[in-house]
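Fold and contact review
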Amino acid sequence: MIELPEPPRLSVPSTTLKTSYLVGEQADMKHRGSDASWLKAASLDFDAFVAERTGVRERWGVASELFWFASGEYYLGSLVIRHELTDDEGGGHIGYHVVYPWQRQGHATRMLKQALVKCAGLGIERALLTVAPHNAASIAVVRRNGGVEDRINSEGEMRFWIDTASA
Ligand SMILES: CC(C)(COP(=O)(O)OP(=O)(O)OC[C@H]1O[C@@H](n2cnc3c(N)ncnc32)[C@H](O)[C@@H]1OP(=O)(O)O)[C@@H](O)C(=O)NCCC(=O)NCCS
């Protein structure tokens, strides 16, 4: 296994991670069988790609911020924090993924823990997470971070609340 230079942390998207980001996302898209065509534009103008994703932006009708989980030159995954819930509360406060080459090494568990600290700083006392019932990995990540199951939402996803002060 690759030895990371330092403990990974959530940070703002950075052009310095170009190669690691593109290769990691491409591997992940291929593993999931997802459309990877967006990577072409990203690779042609990575500066613009990063600029469009940096800072607090209005998405899904609410303020949101994207972070990359990285250690030195290594990009491991992405995480979004919505500062408020959308009207239907779909997607909750936090969404994330770890790219395939870095999965099953505890990174999502650590990444969510750091996101909960950021949520607390934003005044979000209880963070909502929504997870598809078949997503055993994400359910484990949420439970390991203190997620308490609520109910199933209208899209059939499991809802979990996490007290951010406990992070
Ligand atoms: C869900 C996801 C973020 C987990 O990332 P990860 O870094 O592998 O998670 P962790 O290493 O912290 O794993 C936590 C635990 O989940 C379980 N787990 C991980 N991958 C699993 C899998 N493919 N199948 C079953 N359980 C799994 C394990 O118990 C694991 O701990 P262990 O390896 O020590 O036993 C990652 O699989 C992913 O990005 N999936 C696609 C996007 C996604 O589902 N995002 C979440 C939407 S709510």
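Let me begin by describing the structure that accompanies this report.

What counts and what doesn't
Residues numbered from 1 in each chain as written. Predicted model: local features only at pLDDT ≥ 70, side-chain atom pairs only at ≥ 80, totals over all residues. Heavy atoms only, no water. Helix = DSSP H or I, 4+ residues; strand = E, 2+ residues; numbered from the N terminus. Rg over C-alpha atoms; globule rule 2.2 N^0.38 Å. Buried < 20%, exposed > 50% of the residue type's maximum accessible area, 1.4 Å probe, protein only. Contact = heavy atoms within 4.5 Å. Areas by Shrake-Rupley, 256 points an atom, 1.4 Å probe, with all protein chains shown as cover. Lys, Arg positive; Asp, Glu negative; His and termini not counted. Charge placed at Lys NZ, Arg CZ, Asp CG, Glu CD. Pairing = 2+ DSSP bridges. Near = heavy atom within 4 Å. Polar contact = N/O pair within 3.5 Å; in protein donor to acceptor, adjacent residues only side chain to side chain. 1 Å grid on protein atoms, 1.4 Å probe; cavity = no way out; pocket = protein on both sides within 12 Å on 5 of 7 lines; lining within 4 Å. Sits in = over half its atoms within 2 Å of the grid points. Nonpolar A, V, L, I, M, F, W, Y, C, P; charged D, E, K, R; others polar. Axes fitted to C-alpha atoms, helices over the stretch in contact; angles between N-to-C directions. Points joined across faces, edges and corners; volume = space filled by probe spheres on them. Core = buried A, V, L, I, M, F, W, Y, C linked by side-chain atoms within 4.5 Å.

**Comments concerning the overall build of the protein**
Helix and strand content of the protein: five helices and eight strands. Secondary structure elements of the protein, listed N to C terminal, follow the sequence β-α-α-α-β-β-β-β-α-β-α-β-β. For 167 residues, the compact-globule formula gives about 15 Å, and the C-alpha radius of gyration of the protein, at 16 Å, lands near that figure. Principal axes of the C-alpha set define a box for the protein whose edges measure 40 × 35 × 30 Å. Among the 167 residues that make up the protein, the fraction classed as buried is 43%. Long-range contacts, defined as pairs at least 24 residues apart, comprise 57% of the intrachain contacts of the protein with a sequence gap of at least 6. Counting every atom, the protein has about 9100 Å² of accessible surface; 50% of that belongs to carbon and sulfur. Each charge class in the protein can be summarised by its mean position, and for the 18 positive and 21 negative side chains these summaries are 5 Å apart.

**Remarks on the side chain of S78**
If you trace the backbone, S78 turns up in strand β4 (residues 74-82). Classification of S78 by relative accessible area gives buried; the value is 7%. Excluding residues within four positions of it along the chain, S78 makes contact with E25, L66, F67, W68, G95, Y96, H97 and M111.

**Examining the pairing of strand β2 (residues 56-59)**
Each regular strand carries side chains that alternate between the two faces of the sheet. Across four bridges, the pairing between β2 and strand β3 (residues 62-71) is antiparallel. Bridging across to β3, R59 finds its partner in V62.

**So, the site of the ligand**
In the vicinity of the ligand there are 17 residues, among which Y96, R104, G106, T109 and N135 approach most closely. At a separation of 2.9 Å, an oxygen atom of the ligand approaches a polar backbone atom of V98. In the model, an oxygen atom of the ligand is placed 2.7 Å from a nitrogen or oxygen of the G106 main chain. Burial of the ligand by the surrounding chains reaches 70%, relative to a free accessible area of 910 Å². With respect to the pocket detection grid, the ligand is positioned in the largest pocket. Split into classes, the residues belonging to the shell around the ligand amount to six nonpolar, nine polar and two charged.

**A look at the sheet that holds strand β8 (residues 158-163)**
Backbone hydrogen bonds hold the strands of a sheet together, and the pairing may be parallel or antiparallel. Spatially, the three strands line up as an open sheet ordered β6-β8-β7, and their pairing is antiparallel. Here the strands that pair on one side only, and so sit at the sheet edges, are β6 (126-131) and β7 (148-152). Geometrically, the sheet is characterised by an average inter-axis angle of 30 degrees between neighbouring strands, direction not taken into account. Bridge analysis of β6 against β8 gives six bridges, and the strand direction is antiparallel. Residue pairing in the sheet places L128 in a bridge with W161 of β8. Relative to β8, helix α5 (residues 136-144) is tilted by about 25 degrees, and along the sheet it contacts β6, β7 and β8.

**A look at the layout of surface pockets**
Summary: where empty space remains is shown by rolling a probe the size of a single water molecule over the atoms. Counted as a void, the largest pocket has a volume near 1300 Å³. At the level of elements, α1 (18-32), β2, β3, β4, β5 (94-98), α4 (107-121), β6 and α5 are the ones that each hand at least two residues to the lining of the largest pocket. Considering only residue class, the lining of the largest pocket consists of 21 nonpolar, 13 polar and nine charged.

**Points about the nonpolar core**
W68, L79, I94 and L112 are the most contacted members of the largest nonpolar core, which has 41 residues in total. Counting residues per element, this core draws most heavily on α4, at six residues.

**A closer look at the side chain of S71**
Mapped onto the fold, S71 is located in strand β3. Taking relative accessible area as the criterion, S71 reaches 0% and is therefore assigned buried. Within the local environment of S71, its side chain forms a polar contact with the backbone oxygen of E6, the two atoms lying 2.6 Å apart. Ignoring anything within four residues of it in the chain, the contact list for S71 reads L4, P5, E6 and P8.

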